[in-house]
Amino acid sequence: MGVDLRQIVAAILTITMFVMLGQMLHRDYFDAVQEKVEGDAHDIEFHGSKVAVVEDGLVRVSEGTKGPWMHDSHDLKPCWSISSSDEAVSSKGYVTFSLTNGPEYHISQITDAVMVAKHLGATLVLPDIRGSKPGDEMNFEDIYDVDKFVKSLESVVKVVRKLPSHVSLRDIAIVKVPTRVAEDYIKEHIDPIFKSKGNIRVTTYFPSVNLRKTSLDGETDPVSCLAMFGSLELQPGVSDLVESMIQRLKKSGGRFVAIDLRVEILEKKNCRETGAVGSKTCYNAQEIALFLRKLGFESDTTIYLTQPRWESSLNILKDIFPKTFTKEEIMPASKKSKYLELENSEYENVIDFYISSRSDVFVPAIPGLFYANTVGKRIALGKPQVLVPAEISGTSGLSTDYISPYISKKNHLAYSCFC
């Protein structure tokens, strides 16, 4: 029987179409899977190894440089403004809360507490920081800059360091609020409790850890933008440490890739394949190494891992990229007793988050709020190169095909605050 050449060509085109569709669905799935873990496309034209951005200059590939590196973009500026109606008002009541679970949660918890205090007309009490184990407690100023925090919010809410002694804990009602809490929810569900008790303690829960904009969000509250992107800075000691570690990474290779890869979490998730096109929820060291090599990252690329301590399962990554480091390898020896050798891991979490936010490239091996809030921080800093891992079927791929949908589609909540 003769073979019809047209049938062969049609079959090849069909297979190619399904491969491309699978990659597109995977990138959206990686973001959407966050709904389970804890929820208009930006046009880019491709010209060989370069990328031309149609509108806002979100992504630019470095010309004349080795590898798939991209320039930072500083076209986006804060577009929120505080009006007279947003200004702080005096109140006799107080809102208290704690920061928990690491810096990626702190940002959301701060934002929700500020929103609640603002719309209740209450005074906000500076939070403490609590670790994952009972008794793991730190002061806010151990990690963050108190003066910066208080001053940045002074136009919208009054902040005090401690709850006045005359306020009894028995007079404080505990109120659970969903993350990204809105003014309407506060008025309907929280205001009656506040009026009844006079003081409340806010605890944020996370129905989803996805930070995509939705049609239900409406216009983002400028107070929310200020709290999320304009209130938190590291205190000088921690900031200097992070800066010294970043400079050491840059000294090793000029630029570096940060990868959120934590073996303990990977083992819990088991890297199970899910979804109609076999999309994965997480990627191990070998898969990440192959992903980066196929995108054109050279073997001398400097890599930072969020993994707390080195484990043998990471050896394959170091075999392919010898300049791969964890924090224990690049932290000054004089700082390790304070920041690494304590059972409390809050410092380590903070270091990971801020290095990942400032790396030249960020690769999330696992979905979740760390990924989502790191992307938000990077958008604010003009660092759009966030590459979502995938299994590349061929021998190579374009890094621009794997840009996080948060950025390529401009659907991250941060784009409501920066324009």
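Residues numbered from 1 in each chain as written. Predicted model: local features only at pLDDT ≥ 70, side-chain atom pairs only at ≥ 80, totals over all residues. Heavy atoms only, no water.

Participant: What exactly am I supposed to notice about unusual backbone geometry here?
Facilitator: With the exception of glycine, most residues fall at negative phi, and the peptide bonds are largely trans. Look at N101: it is not a glycine, yet its phi comes out positive at around 70 degrees. Within the fold, N101 resides in the loop between β6 (98–100) and α3 (103–120). According to the relative accessible area criterion, N101 is partly exposed, its value standing at 48%. (Helix = DSSP H or I, 4+ residues; strand = E, 2+ residues; numbered from the N terminus. Buried < 20%, exposed > 50% of the residue type's maximum accessible area, 1.4 Å probe, protein only.)

Participant: Can you help me understand the pairing of strand β13 (residues 256–260) in this one?
Facilitator: On a regular strand, one side chain projects to one face of the sheet and the next to the other, so that they alternate. The buried count for β13 comes to 5 of 5 residues, which makes it a mostly enclosed element. On β13, burial covers both faces: F256, A258 and D260 on one face and V257 and I259 on the other are all buried. Here β13 pairs with strand β14 (residues 302–305) via 4 bridges, running parallel. Bridged to F256 within β14 is T302. Bridging between β13 and strand β16 (residues 361–364) involves 4 bridges; their strand directions are parallel. The residue bridging V257 from the neighbouring strand is V361, located in β16. (Pairing = 2+ DSSP bridges.)

Participant: In this structure, what is going on with the confidence of the model for the chain? I would like to understand it.
Facilitator: Interpretation of this model should avoid reading the predicted coordinates in detail wherever pLDDT is low. On average, residues of the chain carry a pLDDT of 82, and 78% of them reach 70 or more. Low confidence marks residues 35–65, where pLDDT is under 50. Its contacts with residues over four positions away, or in another chain, come to 78 contacts. (pLDDT = per-residue confidence, 0-100. Contact = heavy atoms within 4.5 Å.)

Participant: Just to check I follow, could you spell out the nonpolar core for this structure?
Facilitator: The biggest cluster of nonpolar side chains holds 113 residues, and the ones touching the most others in it are V116, L124, Y144, I200, I259 and L261. Top contributing element to this core by residue count: α3, with 9 residues. Residue contacts for V116: discarding those within four places in its chain leaves V95, V177, V181, I186, I190, I200 and V202. Counting 5 residues, the second largest nonpolar core, distinct from the first, contains Y94, V125, V167 and I172. (Core = buried A, V, L, I, M, F, W, Y, C linked by side-chain atoms within 4.5 Å.)

Participant: Is there a simple way to explain the pattern of salt bridges in this structure?
Facilitator: Pairing between side chains of opposite charge can happen when their charged atoms approach one another. All told, the structure shown has 14 salt bridges when counted by the stated rule. The residue E243 makes a salt bridge to R358 at a minimum N-O spacing of 2.8 Å. You can see E243 sitting in helix α7 (residues 236–253) and its partner R358 sitting in helix α13 (residues 346–358), a full 115 residues away along the chain. E243 gets classed as partly exposed once you look at its relative accessible area, which sits at 28%. A relative accessible area of 31% means that R358 is categorised as partly exposed. Each of R309, E328 and E348 takes part in a single network of salt bridges with overlapping partners. (Salt bridge = Lys/Arg side-chain N within 4 Å of Asp/Glu carboxyl O.)

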